[in-house]
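As a plain string of letters, each chain reads:
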Amino acid sequence: MEEPALRALLPDLKGKIILDLGSGFGDFARYAHSKGAKKVYGIELSSNMIEQARKLTQTDDIEYIHASMTNPMTFDERFDFIISSLAIHYIENFNQLASEAYSHLKEGGKFVFSVEHPMCTAHASSFMKNESGEFICMPVDNYQNESIRHTSWFVDDVIKYHRTVESYIMGLLNVGFVIDALKEPKVINDALLEKPEAEIFNRYSPFLIISAHRL
């Protein structure tokens, strides 16, 4: 759901200088390089992910930096494109990040990112099931309470930061971004043919994807 919708919003990457915030195992960095990107920088806090990304990457045109995306960016150059895939809901101060991203983009540069949808982070628990384990609904509660959520995701006590859709949009607008697109993607048809049970993810919006650009 997330990757096809995110990639549909990408600009032409050929010859571009790109920053990937929360680059993980480097999947997008390698994809961008395959599409002709001139240089890709990946910022990732996890040392294990950085180590694996470097093992999987066979080019000097991709550089991984072990750091938090919340630290002030100290790059000398500006970027044509900044991307972040499902990482920003782990940071506390989105407004600061939006300001940093804006200041490090060239004129006309794009910022595209995906997050876990606020309807999912609001309640901080997974969807409700009946006694048979079947999906009932996605509970939404405390939506306006923007604060830490403690969840379990492979390990216990994973910390996420819930914020509303309004906060994402206004955080971008307040620093000067122009919003180009907002997506709440559905499961692609090919995936439904392969796994019909994935239809439950079309009963709510697991992901929010936003594209914006600097004037």
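The model shown is predicted, which means the values in this text are computed figures rather than measured ones.

Brief notes about empty space enclosed by the protein
If a probe the size of a water molecule is rolled over the atoms, the empty space left behind becomes visible.
Thinking step 1. Considering all chains together, one arrives at one cavity of 30 Å³ or more under this definition.
Thinking step 2. Tallied by class, residues from the lining of the largest cavity come to three nonpolar, four polar and one charged.

What about the layout of surface pockets?
Thinking step 1. The space that makes up the second largest pocket amounts to roughly 220 Å³.
Thinking step 2. Sorting elements by how many residues they give to the lining of the second largest pocket places helix 6 (residues 165–173) first, with three residues.
Thinking step 3. Looking at the lining of the second largest pocket, its residues break down into three nonpolar, seven polar and three charged.

What to know about the packing of aromatic side chains
Thinking step 1. Scanning the entire structure with this criterion turns up 13 aromatic pairs.
Thinking step 2. Residues phenylalanine 135 and tyrosine 204 carry aromatic rings whose centres are separated by 5.9 Å and whose planes lie at 15° to one another, so their mutual orientation is stacked. Taken as a pair, phenylalanine 135 in strand 7 (residues 135–137) and tyrosine 204 in the loop between helix 7 (189–194) and strand 11 (207–213) lie far apart in primary sequence, 69 residues in all.
Thinking step 3. Ring centres of phenylalanine 201 and tyrosine 204 lie 6.3 Å apart, and the angle between their planes is 65°; this geometry places the pair in the edge-to-face category.
Thinking step 4. A residue is classified by how much of its surface remains accessible, and tyrosine 204, at 12% relative accessible area, is buried.
Thinking step 5. In this structure an aromatic cluster arises from ring pairing among Phe94, Tyr102, Phe111, Phe113, Tyr168 and Phe177.
Thinking step 6. Geometry around tyrosine 31 places arginine 7 over its ring, the cationic atom sitting 3.7 Å from the centre.
Thinking step 7. Taking the ring centre of tyrosine 41 as reference, the NZ or CZ of lysine 39 above it sits at 5.4 Å.

Points about the nonpolar core
Thinking step 1. Counting residues in hydrophobic clusters, the biggest one holds 29 residues, and the most contacted among them are Leu19, Leu21, Ile88, Phe111, Phe113 and Leu172.
Thinking step 2. Mapped onto this core, the elements with two or more residues apiece are strand 1 (17–21), strand 2 (39–44), strand 4 (79–85), helix 4 (94–103), strand 5 (105–116), helix 6 and strand 11.
Thinking step 3. It is helix 4 that contributes the most residues to this core, five residues altogether.
Thinking step 4. Other than its neighbours up to four places away in sequence, leucine 172 contacts Phe94, Ala98, Phe111, Phe113, Phe177, Ile179, Ile210 and Ala212.
Thinking step 5. Ala5, Ile18, Ile62 and Ile83 belong to the second largest nonpolar core, which has 19 residues in total.

Considerations on the environment of serine 84
Thinking step 1. Assignment of secondary structure puts serine 84 in strand 4.
Thinking step 2. Given the relative accessible area of 0%, serine 84 is considered buried.
Thinking step 3. Apart from residues no more than four positions distant in its own chain, serine 84 is found in contact with Asp20, Leu21, Met69, Val112, Phe113 and Ser114.

Things to note about the pairing of strand 2
Moving residue by residue along a regular strand, the side chains alternate between the two faces of the sheet.
Thinking step 1. Of all the six residues making up strand 2, six are buried; the element is thus mostly covered by neighbouring parts of the structure.
Thinking step 2. Where burial is concerned, the two faces of strand 2 agree: the one with Lys39, Tyr41 and Ile43 and the one with Val40, Gly42 and Glu44 are both buried.
Thinking step 3. Examined bridge by bridge, strand 1 and strand 2 share five bridges and lie parallel to one another. Counted as the bridge partner of leucine 21 is isoleucine 43 from strand 2.

Rules and cut-offs
Residues numbered from 1 in each chain as written. Predicted model: local features only at pLDDT ≥ 70, side-chain atom pairs only at ≥ 80, totals over all residues. Heavy atoms only, no water. 1 Å grid on protein atoms, 1.4 Å probe; cavity = no way out; pocket = protein on both sides within 12 Å on 5 of 7 lines; lining within 4 Å. Points joined across faces, edges and corners; volume = space filled by probe spheres on them. Nonpolar A, V, L, I, M, F, W, Y, C, P; charged D, E, K, R; others polar. Helix = DSSP H or I, 4+ residues; strand = E, 2+ residues; numbered from the N terminus. Phe/Tyr/Trp six-rings, centres within 6.5 Å; stacked < 30°, edge-to-face > 60°. Buried < 20%, exposed > 50% of the residue type's maximum accessible area, 1.4 Å probe, protein only. Lys NZ or Arg CZ within 6 Å of the ring centre and 35° of its normal. Core = buried A, V, L, I, M, F, W, Y, C linked by side-chain atoms within 4.5 Å. Contact = heavy atoms within 4.5 Å. Pairing = 2+ DSSP bridges.

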